[in-house]
Number of protein chains: 2
Amino acid sequence: METRYEKLERPRRLPDEIAARLTRQIDDGAIKPGDKLPTEQALANDFGVARTVVREAISQLKSDGIINSRQGVGAFVADSGTRTVFRIGEACFAKRKELAQILQLRTSNEAEAAFLAAAHRNEADLDAMNDQITIMRESLEKSGATNGERRYEAERQLYRNIARASGNGFFVDFLGMLDGRIDQSLRSVAIKNMIAVESRKEVLAEHEAVFEAIVEQDAEAARIAARTHFANAATRLISRANLADV
Amino acid sequence: METRYEKLERPRRLPDEIAARLTRQIDDGAIKPGDKLPTEQALANDFGVARTVVREAISQLKSDGIINSRQGVGAFVADSGTRTVFRIGEACFAKRKELAQILQLRTSNEAEAAFLAAAHRNEADLDAMNDQITIMRESLEKSGATNGERRYEAERQLYRNIARASGNGFFVDFLGMLDGRIDQSLRSVAIKNMIAVESRKEVLAEHEAVFEAIVEQDAEAARIAARTHFANAATRLISRANLADV
DNA sequence: ATATGTCATGTTGTCAGACAACATTACTTA
DNA sequence: TAAGTAATGTTGTCTGACAACATGACATAT
């Protein structure tokens, strides 16, 4: 019996820690839009680090549109409406309410992607989807961790294929980001779920319903089927994960 | 007559330029996931800048999950599935096809937010929405740039209020980011649109339909009404903007 | 022969100091 | 009163150094 270990996380670097603290102060309203940050030298003194470290932290915040800096003047907190990125904090995945909201966001967008895919898909798209459905079917009756992981990966690939078939690259990127974040935080839970869930046939039927609707170019049916699956998946995931009720 | 000037953009800094070039190389596939980047010193020599500048650039990419670096080893391109942020490049807003896709993404999510808002809204939410509708009505018959801008801002605020009423903070953040990016790139076009569009009454009616559905807690009607408005708005915006047909 | 310990090397992470580029303010001058 | 000028402070960039760490080669012991 080979015991599997999870990859261990590397220690946080100083610039990331400082970026996180500044971000939190801004999100909490301790520093408001328009306010001027302390000078880099002052921040370096306060945090007890070199100015280069502070600069790396500020560089990160600038690239997110959280702050703007002007040479010779200073760095200022930007309006909340000027953020250039959408990101989800690590901690959100550990809280029941916030995780439910994240999965709600995903469900909506996966449903829309399936809707669009039904209209735009070509034969190559269908083949790619069918490959994953086939893997799921073959793995259906088998047990064990390896097969659970195989079904999990097949499912992820199936919905990546659907997103791609939508013809809208922004859905691909956005859903890919959401899936990656969820995988990063909840992969082991999701795979355990795959192994344990007693109603595998019903889950497979959910995927098949989505696929068949896309084959038939029935966009509304695809949307409903995808929404059904991801809503169910969210319920299963939340009930199985070990979450805080903040 | 006071002529208005747009805020002028400040020159790009070296770390941002380097981060952009590296990102592009990765997106283009010139450097693939798993590949090791040149050492910081080598990059500094190639670009003809100091290592601190390269480090700031890499620090940005790390915070996006595009690369991972390990002390004593090097920096490596991460798998595309491990990106921690969703961002939209500036250039996308100038291309017809990509802008259409961005607006499609927004339409879908605004519709879902309205759907959720119909179920979760409280009286304070409705008041906030009604304030904006009132502003729109009062401004309806008036002309001029100022009134166009007023209607534009009222509309933005209305849908921010709806997103907030959804009770899901991630919709608020995501839609806020999309709206901010669109505003940044197309504000003047959108306002001109507000001033010029001959069918103001019909547009106002679209907003009122969304609002009334949310008042009546008719979630499906709210979704359809919001989808209708944003789809129409997308068509208007694209037809008026000066876009490349890449 | 295999496993363990040690060291040299190269890379990233952090520190310190310096100067350039720039914006603001106060001051000077026409 | 208006325009020009200098002083000051901040961010942007450069340079050099050392610390922290990982890797691979080598030596040693069992």
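Since the structure is predicted, the reported quantities are computational estimates derived from the model, not experimental observations.

Re the pattern of salt bridges
Summed over all chains, the structure comprises 42 salt bridges over all chains. For Glu 112 of chain B, the salt bridge is made with Arg 227 of chain A, and the minimal N-O distance between the two is 3.0 Å. You can see Glu 112 of chain B sitting in helix 4 (residues 96-120) and its partner Arg 227 of chain A sitting in helix 9 (residues 219-240), one on each of two chains. With a relative accessible area of 4%, Glu 112 of chain B lands in the buried category. Judged by relative accessible area, Arg 227 of chain A falls into the partly exposed class, the value being 23%.

A few points about the environment of Gly 169 of chain B
Residue position: Gly 169 of chain B is located in helix 7 (residues 169-196). Here the alpha-carbon distance between Gly 169 of chain B and Glu 98 of chain B, two residues 71 residues apart in the chain, equals 26 Å.

Remarks on the interface of chain B and chain A
Every contact between the two is made by 41 residues of chain B and, on the other side, 41 residues of chain A. Summing both sides of the interface, chain B and chain A together bury roughly 3,900 Å²; the carbon and sulfur share of this comes to 50%. For the chain B face of the interface with chain A, the top three residues by lost area are Glu 56, Phe 86 and Phe 170 of chain B, together amounting to 18%. At the surface where chain B touches chain A, the tally comes to four salt bridges. Of all the elements in the fold, those that place two or more residues in the side of chain B that touches chain A are helix 3 (51-63), strand 3 (85-87), helix 4, helix 7 and helix 9 (219-240) of chain B. Split by residue class, the side of chain B that touches chain A holds eleven nonpolar, 16 polar and 14 charged. Here strand 3 (residues 85-87) of chain A pairs with strand 3 of chain B via three bridges, running antiparallel. Within strand 3 of chain B, the residue paired with Phe 86 of chain A across the bridge is Phe 86 of chain B.

Description of the protein's contact with DNA strand C
Near DNA strand C you find 24 residues, and of these Ala 50 and Arg 70 of chain A together with Arg 51, Arg 55 and Gly 72 of chain B are the closest. Of all DNA strand C atoms lying within 4 Å of any protein atom, the proportion belonging to sugar or phosphate reaches 69%. Within the backbone of Glu 40 of chain B, an N or O atom sits 3.2 Å from a phosphate oxygen of DNA strand C. Contact distances for DNA strand C include 3.4 Å between a phosphate oxygen and a side-chain N or O atom of Lys 62 of chain B. Only helix 1 (14-27) and helix 3 (51-63) of chain A together with helix 3, strand 1 (67-70) and strand 2 (74-77) of chain B provide two or more residues apiece to the surface near DNA strand C.

Considerations on the domain arrangement of chain A
Annotation of chain A at the domain level lists domain 1 (14-82) and domain 2 (92-240). Placing the centre of domain 1 of chain A and that of domain 2 of chain A at their C-alpha centroids yields a distance of 38 Å.

Some details on the protein's contact with DNA strand D
For DNA strand D, the set of nearby residues contains 25 residues, the closest of which are Arg 55 and Gly 72 of chain A together with Ala 50, Arg 70 and Gln 71 of chain B. Protein-proximal atoms of DNA strand D, defined as those within 4 Å of the protein, fall in sugar or phosphate at a share of 67%. Within the side chain of Arg 55 of chain A, a nitrogen or oxygen atom sits 2.9 Å from a phosphate oxygen of DNA strand D. In this structure, Ala 50 of chain B approaches DNA strand D through a main-chain N or O atom, which is 2.8 Å from a phosphate oxygen.

Cut-off values and rules
Residues numbered from 1 in each chain as written. Chains lettered and ligands numbered in written order. Predicted model: local features only at pLDDT ≥ 70, side-chain atom pairs only at ≥ 80, totals over all residues. Heavy atoms only, no water. Salt bridge = Lys/Arg side-chain N within 4 Å of Asp/Glu carboxyl O. Helix = DSSP H or I, 4+ residues; strand = E, 2+ residues; numbered from the N terminus. Buried < 20%, exposed > 50% of the residue type's maximum accessible area, 1.4 Å probe, protein only. Contact = heavy atoms within 4.5 Å. Buried area = accessible area lost by both parts, 1.4 Å probe. Nonpolar A, V, L, I, M, F, W, Y, C, P; charged D, E, K, R; others polar. Pairing = 2+ DSSP bridges. Near = heavy atom within 4 Å. Polar contact = N/O pair within 3.5 Å; in protein donor to acceptor, adjacent residues only side chain to side chain. Domains from an automatic or database assignment.

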